[in-house]
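# Structure at a glance
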Amino acid sequence: MEQSLVRFYLIPALMVIHGFFGHAFGGIVFQSEKDSAIINDWYHDAFRSLNSNLRKSDDLINKAWKMSIDIAYDQGIADGYYYTGCVYEQKGALNVARRYFEKAVTLYSQGGFLDNLPDCYKRLGKIYITEGRYYTALQHFTSGLRVAEEQNNDVGQIELGIQLADYHNTISKDYKEAAAILQAAARQAKMANYPQALGTIYLQYGMNYASQCDYEQALHYTQLAKKEFGSVSNTENLLKALLVEGDIHGKLHDEKRLTATLEAAEPLLKPVDDQQLQIAYELLHATRLFLLGSYNAALDVCKPLYAQLDGDVQQRAWREVRSLYFKVLYALGDVRQADSLFNDYEYIKDSVYTAQYVGQGMEMRENYKLEEFERQIREQQLELSNTNYQRYGFIIGILVLLTVLVILYFLFREKDKLAHRVAIKNAEISVQNEILKQANRQNELLLREIHHRVKNNLQIINSLLNLQSRKTTNEEVLAMMQESSSRINSIALIHNKLYQQQSLNRLNIQDYIEQLGAHLLSIYNVGKKRVRFEVEANNVSLDIDTAIPIGLILTELMTNSLKYAFVDRDEGEISVHVKHEGEKDYELIFKDNGVGIPETKLAQPNETLGFRLIHSLTRQLAGIIQYTFGEFSMYNIRFKG
């Protein structure tokens, strides 16, 4: 939960920082269609994996969100809030999901990104219903439907229409309005060739007619819903339809059909694994026992259900369990407990319903008061503007003369004071500048000393490796120690160069590669072959975080060339070329005219430490590597600096 809050508030901060630097560099933002397509694909893959692999979805969303911020892709940033809200909704953290959906609605509305906005409104409305904020939920459902209609989004219109119908069926009890919405949704689903929604529409019709006690029509539509859900193998919705059908049979006191419905629903409970549906099934089971006259058995089912729901009067299941529990107690002759149960229910219902409707009334009254208050302010401002002109006309005439005199007096008086304060401030600024210069020089000296000490420590490690290598005759061990020594030396050389040069932030790569090549030639050119080494990296400088991986990559490439490329040859040529490809993009080309790399090694590049190190460091630099062989054996590495 803490990580989600940090991420929720960190993303806007990163957006502000990114925007600041974008304006500082002239407002130039690079956003390619390829990058945005990749981000959208990641989001879509994450959405498809929500039900099957939640961890994969979370990783894909985080990766796409970060890339959207990096390239200033506004729609991708807004999508990040929406899809992260979907993840938390799937986890059951509805309070956190609500904050992400609310932020997504704001960004979608500001940017005009309407693709996911209807679904975002729908999910927010469902969360508000769970919180008892029914008026706000209705506003979000209608807002989502309006957006879907504006963009001709048939699927969005159908799904939001179903949600509005469910709202009227279960919350507002406006069954005529629900039926009208369902009729329009069914007609649109058929026209838009969206049969997946028909089952849900029929099920809502069944619930609508069942609530109006038209059980014949209710059974007709539940049968249609079962048929639709069965054709698309939708187990969860099929179970819902069976439970609605069972509820109708229970109200009709048809225990035989109720028994058959429960037998059909029982195998579907385990694969669905939904607590609410399990409760509904147990309630129907208790109803069946009651209809069969097994009152004690029905009581054994009702008691734990009633305790499990814990007096949540907003749940329809609790009210139905209480009603059945009440009937069973009276059937068993336990009138005292039944009356106690009835009194407790009435008290809880009154208190909860009062809180619910008071809350909704307060919400509506606050909105009305705010609008009324704003209207009164506008009227008062208009009245004040008329009276103030008359009042201030007389006052200003008097004050103008006094103001001119006072200004002239203070101008002459403050002129000398201002000159004195300016002189004092200039002296203070000069002292502060001198202090900052001294501190800066001290920091540079300390940083140089750190680079010097790091270089010395790495040389000590090199010396220890050389001493250790003298105690073994194993050629493989000696080769490994020599390669490790070369890698350590490449890092030590960077710290030495930073210690020697004027700038401590960036390294001149030309001088560094030349010294690195001379060192490796002195170690690995055992046969004293005539190997010519050329470097072309003028005007290229890298920071230490980039220079160290590049140094290690070049160490591996040059070591491989000196050891294997010029076998049975008296001379050879190695060249290194580093150049700019963009503001932060670089290209490194390493070539030798040796024998090249065998295809067997190219097919298995991870068999040796050297190849693994080269590929790992390239990925660390967010780069790509290519190898070609012709007249020259050439590595082409593009990386970020």
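Residues numbered from 1 in each chain as written. Predicted model: local features only at pLDDT ≥ 70, side-chain atom pairs only at ≥ 80, totals over all residues. Heavy atoms only, no water.

Structural remark: α-helix, 3.6 residues per turn; residues separated by three or four positions point the same way. Taking 1.5 Å per residue, 16 residues should reach 22 Å; helix α2 (residues 33-48) reaches 23 Å between its end C-alpha atoms and fits that length. Restricting attention to buried positions, one finds in α2 the residues D35, S36, I39, Y43 and A46. The arc enclosing the buried residues of α2, seen along the axis, measures out at 100°, which places them on a common side. In α2, those exposed residues whose orientation departs by more than 90 degrees from the buried face are E33, K34 and R48. (Helix = DSSP H or I, 4+ residues; strand = E, 2+ residues; numbered from the N terminus. Expected span 1.5 Å × (residues − 1). Buried < 20%, exposed > 50% of the residue type's maximum accessible area, 1.4 Å probe, protein only. Arc of directions from axis to C-beta.)

Turning our attention to the packing of aromatic side chains. For any pair of aromatic rings, geometry is given as the distance between the ring centres together with the angle between the planes. For the coordinates displayed, the defined rule picks out 17 aromatic pairs. Taken together, a centroid distance of 6.1 Å and an interplanar angle of 50° make the contact between Y82 and F101 tilted. Pair noted here: Y82 is in helix α4 (residues 74-91) and F101 is in helix α5 (residues 94-111), with a separation of 19 residues, a long-range link. Ring plane angle 35° and centroid distance 6.1 Å describe the contact between Y202 and Y221, whose orientation is recorded as tilted. Here Y202, found in helix α10 (residues 198-211), pairs with Y221, found in helix α11 (residues 215-231); they are 19 residues apart in sequence, far enough to count as distant. Given a relative accessible area of 13%, Y202 falls into the buried group. Overall, Y221 belongs to the buried group, its relative accessible area being 17%. One aromatic cluster is present, formed by Y43, F47, Y82, Y83, F101 and Y108 through successive ring pairs. A cation sits over an aromatic face here: K63 above W42, 4.5 Å from the ring centre. The ring of F632 has K591 lying over it, and the distance from NZ or CZ to the ring centre is 5.0 Å. (Phe/Tyr/Trp six-rings, centres within 6.5 Å; stacked < 30°, edge-to-face > 60°. Lys NZ or Arg CZ within 6 Å of the ring centre and 35° of its normal.)

This part is about the packing of α4 against α5. In contact at an axis separation of 8 Å, α4 and α5 are set at 160° when each is read in the N-to-C sense. Taken together, the axes of α4 and α5 are roughly antiparallel relative to one another. Judged by the twist between their axes, the crossing of α4 over α5 is left-handed. Where α4 approaches α5, its residues A78, D79, Y81, Y82, T84, G85, C86, Y88 and E89 are matched on the opposing element by L94, V96, A97, Y100, F101, K103, A104, L107 and Y108. Here the contact of α4 with α5 is composed, by residue class, of 13 nonpolar, 2 polar and 3 charged. (Axes fitted to C-alpha atoms, helices over the stretch in contact; angles between N-to-C directions. Parallel < 35°, antiparallel > 145°, perpendicular 65-115°, else oblique. Left-handed = near helix turned anticlockwise from the far one by under 90°. Contact = heavy atoms within 4.5 Å. Nonpolar A, V, L, I, M, F, W, Y, C, P; charged D, E, K, R; others polar.)

The next point concerns the sheet that holds strand β2 (residues 530-536). Taken in spatial order, the 5 strands of this open sheet run β2-β4-β5-β7-β6, and their pairing is mixed. For this open sheet the edge positions go to β2 and β6 (624-629), each flanked by a neighbour on one side alone. With strand direction ignored, the average angle separating the axes of adjacent strands in the sheet is 10°. Two strands pair when backbone bridges link them, and β6 and strand β7 (residues 633-640) are joined in this way by 6 bridges, in the antiparallel orientation. Among the inter-strand pairings, Q626 is bridged to a residue of β7, identified as N636. Running over the sheet, helix α20 (residues 544-565) touches β2, β4 (571-580), β5 (585-592) and β7 and is turned about 15° from β5. (Pairing = 2+ DSSP bridges.)

So, about the side chain of N169. By the secondary structure assignment, N169 is in helix α8 (residues 154-172). A polar atom in the side chain of N169 sits 3.0 Å from the side chain of Q204. Discounting chain neighbours no more than four positions away, the residues touching N169 are Y175, A178, Q204 and N208. (Polar contact = N/O pair within 3.5 Å; in protein donor to acceptor, adjacent residues only side chain to side chain.)

Right, let's talk about the packing of helix α6 (residues 117-130) against helix α7 (residues 134-150) for a bit. Each pair of packed helices can be described by the angle between their axes along with the distance between the axes. Where α6 contacts α7, the two axes come as close as 8 Å, and the packing angle between them is 165°. Taken together, the axis directions place α6 and α7 in an arrangement best described as roughly antiparallel. In this structure, α6 crosses over α7, and the sense of that crossing is left-handed. Along the contact surface, α6 presents L117, P118, Y121, K122, L124, G125, K126, Y128 and I129, while α7 presents Y134, T136, A137, H140, F141, S143, G144, V147 and A148. Taken together, the residues that form the contact of α6 with α7 break down as 11 nonpolar, 5 polar and 2 charged.

Further remarks concern the pattern of salt bridges. Within this structure, the stated rule accounts for 25 salt bridges. The closest approach of N and O atoms between R146 and E150, which form a salt bridge, is 3.5 Å. One end of the pair is R146 and the other is E150, both in helix α7 and 4 residues apart, which spans about a single turn. Given the relative accessible area of 54%, E150 is considered exposed. (Salt bridge = Lys/Arg side-chain N within 4 Å of Asp/Glu carboxyl O.)

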